[in-house]
Structure formats: C-alpha cells, structure tokens
Amino acid sequence: FNSNSSNPEIYREFSRLKVQIRKILSPFYNRYQRKKLGFSFRIRQQMQNSQMVNKILGGYGDPKTFFIAHGDWSRKMGTRGHSQLKGIENIEVLRRAGIRVYLVNESFTSRRCCMDDCGGDMEMFRMVLNPRADSKERKPHIKCTGILRCQDCMELLNRDINAACNIHKIGESI
C-alpha cells in the first residue's frame, strides 16, 4: 500500500489480479527463456568445439598422420564400450572431425617400464617422511609413489609419464 494511493481496497484488488496474471503467464515466459538460453548454450558449445578441433589440427596437421590415445575408465567400471569420462563429448567431436581417438584400458600402465625392449616391472623405492599426522608414529617413512624404478633396466621414471608412454604404445599397436 502506497501513501499516494487513494483507495487501499483498489490497490489490494490490483495486487491480487497482478498475481493471478503472473501465475498464468509465467510458464509461457519461462519456457521461452529456457529455449533461448538452451539455444545460446548450444551455439557457444559448438563454437568452443570447433576452436578445439582447429587448434589440434593446426598443431598436428592432417588427421591421418596422428591419433589420440585416451585412458578409458569405463573398463575399470565393468561397462565395455561405454565411457564414463567427463569429456566424452570432446572425444565424439574429435571423431566427427576425422581424428582417430582410441580409448585405451589404462589398468597397470604405470607398472610396466615404457623404455624400448624392456617392459620390466616398476617398483616404488624412494622413502619419504610420512605426511599423515595420525600414522606418523607407526610409520615415520613411507614409499613415494611419484617416482618408480624399473627392476630390469634400473631406469627412474615418473609414474604418470611412464603410464602416458605405455598408453601411447598401446594406441600405436591398435
């Protein structure tokens, strides 16, 4: 109620009618707005996908000369052929652009040496101070999982780089 209003009853009736009209019209306007937002989201997503493909093709050239090997977590989950990766849409976009994308089972890829003609088992060897306060007294030192050593060729390798090289080798063999 506004002090400038001449009649509070007329204002109450106006407010009641305004609420009724809003209830009737809001589904229409909300649906139109959602459609508009969904369309702009799709346009923006398509632009980002095309930029990603153009950057990859600009950096590597002809899609027949390279491939992308990507770790496939779905095999660990027990569902073959269906990836539960967050970026599966990107993989589909790359495939539609003609880029070969292979989903590689990444289980145990960091446990085998990636050096040529080796393939030995990797082991954790480096002892570091235990960062966990609750088990520091029982185990003051623990094995570091970041750097691994091959038991055959004694090469020191970063765990993630070793796994990436092995995934690449599996992709090449496909």
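Summarised in this report is the structure supplied together with it.

### As for the overall build of the chain
No. 1: Counting its secondary structure elements, the chain contains 4 helices and 7 strands.
No. 2: Walking the chain from its N terminus toward its C terminus, one meets helices and strands in the order α-β-α-α-β-β-β-β-β-β-α.
No. 3: Out of the 174 residues belonging to the chain, those deemed buried represent 21%.
No. 4: Sequence separation of at least 24 residues holds for 58% of the intrachain contacts in the chain that already meet a minimum separation of 6.
No. 5: For the chain, the exposed surface amounts to about 13600 Å²; the carbon and sulfur share of it is 54%.

### A short note on a nonpolar patch on the surface
No. 1: A contiguous nonpolar surface patch, about 540 Å² in accessible area, is contributed by Ile21, Ile24, Leu25, Phe28 and Tyr29.
No. 2: With a relative accessible area of 48%, isoleucine 21 lands in the partly exposed category.

### Quick look at the pattern of salt bridges
A side chain with one charge can pair with a side chain of the opposite charge if their charged atoms come near.
No. 1: The tally for this structure, following the rule as stated, stands at 6 salt bridges.
No. 2: The salt bridge partner of arginine 16 is glutamate 13, with a shortest N-O separation of 2.4 Å. Highlighted residues: arginine 16 and glutamate 13, both in helix α1 (residues 8–60), separated by 3 residues, approximately one helical turn.
No. 3: Here aspartate 121 makes a salt bridge to arginine 112, at a shortest N to O gap of 2.2 Å.

Criteria and cut-off values
- Residues numbered from 1 in each chain as written.
- Predicted model: local features only at pLDDT ≥ 70, side-chain atom pairs only at ≥ 80, totals over all residues.
- Heavy atoms only, no water.
- Helix = DSSP H or I, 4+ residues; strand = E, 2+ residues; numbered from the N terminus.
- Buried < 20%, exposed > 50% of the residue type's maximum accessible area, 1.4 Å probe, protein only.
- Contact = heavy atoms within 4.5 Å.
- Areas by Shrake-Rupley, 256 points an atom, 1.4 Å probe, with all protein chains shown as cover.
- Patch = residues over 30% accessible without salt bridge, like charges linked within 9 Å, V, L, I, M, F, W, Y side chains within 5 Å.
- Salt bridge = Lys/Arg side-chain N within 4 Å of Asp/Glu carboxyl O.

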